[in-house]
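What the coordinates show
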Amino acid sequence: MAWIRIIDEAGAEGRLKEVYERLKAGRGKVSNIMAVHSLLPEAMDSHLDLYMAIMFGESVLSRAEREMIAVVVSASNNCRYCINHHAATLDHYWKDGERLSRFIADFRSVDLPPRIRAVLTYAEKLTRTPDEVSEEDIVALREKGLSDSEILSVNLIASYFNFVNRIALGLGVEFTPDEVGGYEY
């Protein structure tokens, strides 16, 4: 499952058991990306709070748009774990496997509204060349109709997935088809 020791649900006690229960209550089950935090349950709990706030909290961005950002960032980083997880979620909304495959390979190959295309272009740039992001990139998002709070949400989601991709890639977090499915959307 990963290159470090993980305390599974059966062996969880105290704070870790509480966090695992919170995960199951909110998402339906415990993902491997959260379980890899098992040696530091407070970090797992804080990670969960951030994830729930940016991916499920109040936002003008739809859940599908948030998942598109997750997939674009994860594809840019070649993080198979996150690509598989968030592509499965995106497919929950799209229900179009062929479109999804093209999107994963290159989001520009899929017909998307100019607003979301600009969002994904920004997320990709922030991922690949963060030192080249400039105020002009923010102006371009505003010109597509995004408010500053939406721009912040896009930035937080893209930044979050860069963080999570590095956890998955840096600790060898693996996925299985069973682990990828069955979450609460």
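This report concerns the structure included in the present document. Since we're looking at a predicted model, the values are computed, not measured. (Residues numbered from 1 in each chain as written. Predicted model: local features only at pLDDT ≥ 70, side-chain atom pairs only at ≥ 80, totals over all residues. Heavy atoms only, no water.)

**Thoughts on the packing of helix 7 (residues 114-128) against helix 9 (residues 148-171)**
Axis angle and axis distance: for two packed helices, these are the angle between their axes and the distance between the axes, and together they describe the pair. Between helix 7 and helix 9, the least distance of the axes is 10 Å, while the angle of their chain directions is 45°. By the angle class used here, helix 7 and helix 9 are oblique. Relative to helix 9, helix 7 is oriented so that their crossing is right-handed. On helix 9, the residues touching Arg115, Val119, Tyr122, Ala123, Leu126 and Thr127 of helix 7 are Glu150, Val154, Asn155, Ala158, Ser159 and Asn162. Classifying every residue of the contact of helix 7 with helix 9 by side-chain character gives six nonpolar, four polar and two charged. (Axes fitted to C-alpha atoms, helices over the stretch in contact; angles between N-to-C directions. Helix = DSSP H or I, 4+ residues; strand = E, 2+ residues; numbered from the N terminus. Parallel < 35°, antiparallel > 145°, perpendicular 65-115°, else oblique. Left-handed = near helix turned anticlockwise from the far one by under 90°. Contact = heavy atoms within 4.5 Å. Nonpolar A, V, L, I, M, F, W, Y, C, P; charged D, E, K, R; others polar.)

**Some points on the packing of helix 5 (residues 80-94) against helix 6 (residues 97-105)**
Where helix 5 meets helix 6, the axes come as close as 10 Å, and the angle between the chain directions of the two elements is 140°. What the angle tells us is that helix 5 and helix 6 run oblique. Crossing of helix 5 over helix 6 shows right-handed handedness. Packed against helix 5, whose contacting residues are Ile83, Ala87, Leu90, Asp91 and Trp94, the element helix 6 presents Gly97, Arg99, Leu100, Phe103 and Ile104 at the interface. Class assignment of the residues belonging to the contact of helix 5 with helix 6 gives a composition of seven nonpolar, one polar and two charged.

**Side note on unusual backbone geometry**
A negative phi angle characterises most non-glycine residues, just as the trans form characterises most peptide bonds. With phi around 55°, Asn78 is a residue other than glycine that occupies positive phi space. Along the chain, the position of Asn78 falls in the loop between helix 4 (63-76) and helix 5. Despite not being glycine, Lys95 has its phi angle at roughly 55°, a positive value. Take Lys95: it is sitting in the loop between helix 5 and helix 6. Taking relative accessible area as the criterion, Lys95 reaches 63% and is therefore assigned exposed. (Buried < 20%, exposed > 50% of the residue type's maximum accessible area, 1.4 Å probe, protein only.)

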